[in-house]
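Residues per chain, in single letters:
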Amino acid sequence: MMPGIGTLRLPARIHVGYGTRAQLPAVAAVHGRRVLAVVDPFLTRTPFFDDLVGGMTAAGLEVKVHSDVTPELPVGTLDAAGEIARDFGPDVIVAIGGGSALDAAKLIALLAAHGGPLSAYYGENLVPGPVVPIVALPTTAGTGSEVTPVAVVSDPGRELKVGISSPFLVPAAAIVDPELTLDVPATVTAYSGIDALVHAVESYTARAFDLDFGGTLPVFTGRNALIAPIALRAAAHLGPWLPVAVATPGDREARHEVAVGALLGGIAFGSTGTHLCHALQYPIGALTKTPHGLGTGLMLPYVIDAIGDAPGMAARLAELGAAIGGPGSLRDRVVEINRQIGVPATLAEIGVTRDMLPHIAELATASKRLIAIAPIDPAPDVLLDILHRALEGVLT
Ligand SMILES: NC(=O)c1ccc[n+]([C@@H]2O[C@H](COP(=O)([O-])OP(=O)(O)OC[C@H]3O[C@@H](n4cnc5c(N)ncnc54)[C@H](O)[C@@H]3O)[C@@H](O)[C@H]2O)c1
Ligand SMILES: [Fe+2]
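Residues numbered from 1 in each chain as written. Chains lettered and ligands numbered in written order. Predicted model: local features only at pLDDT ≥ 70, side-chain atom pairs only at ≥ 80, totals over all residues. Heavy atoms only, no water.

On to the site of ligand 1. For ligand 1, the set of nearby residues contains 24 residues, the closest of which are Asp40, Gly99, Ser100, Thr140 and Thr148. One nitrogen or oxygen atom from the main chain of Val150 is found 2.7 Å from a nitrogen atom belonging to ligand 1. The contact in question runs from an oxygen atom of ligand 1 to an N or O atom on the side chain of Lys161, over 2.9 Å. In isolation ligand 1 exposes 860 Å². Once the protein is present, 80% of that is buried. Put simply, the parts of the chain that give the shell around ligand 1 at least two residues each are helix 4 (99-114), strand 7 (150-153) and helix 5 (186-204). With four residues, the top contributor of residues to the shell around ligand 1 is helix 4. Class assignment of the residues belonging to the shell around ligand 1 gives a composition of seven nonpolar, 11 polar and six charged. Among the domains, domain 1 (20-176) and domain 2 (186-392) are the pair contributing at least three residues each to the shell around ligand 1. (Near = heavy atom within 4 Å. Polar contact = N/O pair within 3.5 Å; in protein donor to acceptor, adjacent residues only side chain to side chain. Areas by Shrake-Rupley, 256 points an atom, 1.4 Å probe, with all protein chains shown as cover. Helix = DSSP H or I, 4+ residues; strand = E, 2+ residues; numbered from the N terminus. Nonpolar A, V, L, I, M, F, W, Y, C, P; charged D, E, K, R; others polar. Domains from an automatic or database assignment.)

Turning next to the coordination of the iron ion (ligand 2). Taken together, the protein ligands of the iron ion (ligand 2) are Asp195 (OD), Asp195 (OD), His199 (NE2), His278 (NE2) and His292 (NE2), with distances of 2.2 to 2.4 Å. One chain supplies every donor to the iron ion (ligand 2), and in sequence these donors are spaced D-x3-H-x78-H-x13-H. With a gap of 14 residues between them, His278 in helix 8 (residues 276-288) and His292 in helix 9 (residues 292-307) connect regions that are remote in the sequence. Overall, His278 belongs to the buried group, its relative accessible area being 4%. For His292, a relative accessible area of 26% puts it in the partly exposed group. (Donors = N, O, S within 2.8 Å, 3.2 Å for Na, K, Ca; no water. Buried < 20%, exposed > 50% of the residue type's maximum accessible area, 1.4 Å probe, protein only.)

What follows is about the domain arrangement of the chain. Here the chain is described as being made up of domain 1 (20-176) and domain 2 (186-392). Relative to domain 2, the C-alpha centre of domain 1 lies at a distance of 25 Å. Taken together, the contact pairs 20 residues of domain 1 with 24 residues of domain 2. Both faces combined, the contact of domain 1 with domain 2 buries some 1,700 Å², and carbon together with sulfur accounts for 70% of it. On inspection of domain 1 and its partner domain 2, the count reaches zero salt bridges. Taken together, the links from domain 1 to domain 2 amount to four residue pairs in polar contact (both at pLDDT 80 or more). (Contact = heavy atoms within 4.5 Å. Buried area = accessible area lost by both parts, 1.4 Å probe. Salt bridge = Lys/Arg side-chain N within 4 Å of Asp/Glu carboxyl O.)

The three strands lie next to each other as 5-8-7, forming an open sheet whose pairing is mixed. Among the strands making up the open sheet, the edge pair consists of strand 5 (123-124) and strand 7. In this sheet, strand 8 (residues 162-165) lies alongside strand 5 in parallel orientation, the contact comprising two bridges. For Glu124, the partnering residue across the bridge sits in strand 8 and is Ser165. (Pairing = 2+ DSSP bridges.)

Right, here's the structure in full:
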């Protein structure tokens, strides 16, 4: 079978642009009258809360609000929220917030439909059927969770955050209104935005699989002919505009470009999967308590160096570099963007020490789903080499 064919699983509706949030009541009502709104706590202190929740109520929907979203999504808090949702019996879950709130909503939709505990679904393709339909409105520009088949939780019994991935977790609709992102703090803009660029790069450089279309498809299908142009477009929106959005948060054009880029990055990686920056960030994040995007962005130049010799890779990296534009290679462009937006250049700067590296490599190797999508064979010594370079800032 020819590698590089693939499959697309997307929300039935995606609206993007300033003003699209006005679509919320109509899009939610497609699924019924009873709405559970899972809302980022920050939003309850802004005029958007009345605008969005009040708008649905005014349209005759019965809205129950859940805004108790805990950072890092400890699994116990979600199991409890799932019970509340089951009692309410929503026709639709409206998710408004950053990636954490959107992921919370996905998991509450899963629990409302199929019951707990969430640990029963850790991993891939273990969700038994459709969940309560989700309408997702991101208020950060980065994770792409509004279109992806995955949600990430933390489980006190595990060293690393753990994912639940299933095509059933793809929201029914996504409404991406950059107006909601205008007040995102600079560090959140930077880290979530660079993570979106990593999604684009890892999607475009994913390994090609020979898929067995006679069996159950994996959630993440590797290099994908339908997705490649989308990943390139994501990089083109993000590369030039992310530094502008960080430097001038009120720049409406920059916020629009970054929101579109993050959405396209989510579409891209939601089909192909991500690889080494993500496999390495999970243990780095757990050990240093640093945000997801800080770690994936920090690792990106070193991962680009490590995969550069894979067959066909030089051309793909050059295409990504050209999509971003500006002088130098893709690697050099990423180094410069990181510098401009305040992503540290080395692991040493975030408190990683040499003696931690073997454990990080070992834990990354255990992320088999991510490792399998890497375009090189990342034996433990290859990962260790990447980590040593990132520790000291050695670029080839
Ligand atoms: N499901 C996926 O596909 C996917 C992909 C990547 C990351 N993730 C997950 O997403 C999470 C990170 O998401 P994130 O980067 O969006 O951050 P976040 O959701 O954790 O939000 C960060 C902070 O910003 C606040 N915030 C959000 N929007 C705001 C706004 N418009 N104005 C002011 N404050 C705002 C939040 O209340 C929070 O305090 C991680 O837990 C990660 O594991 C999920
Ligand atoms: Fe990510």
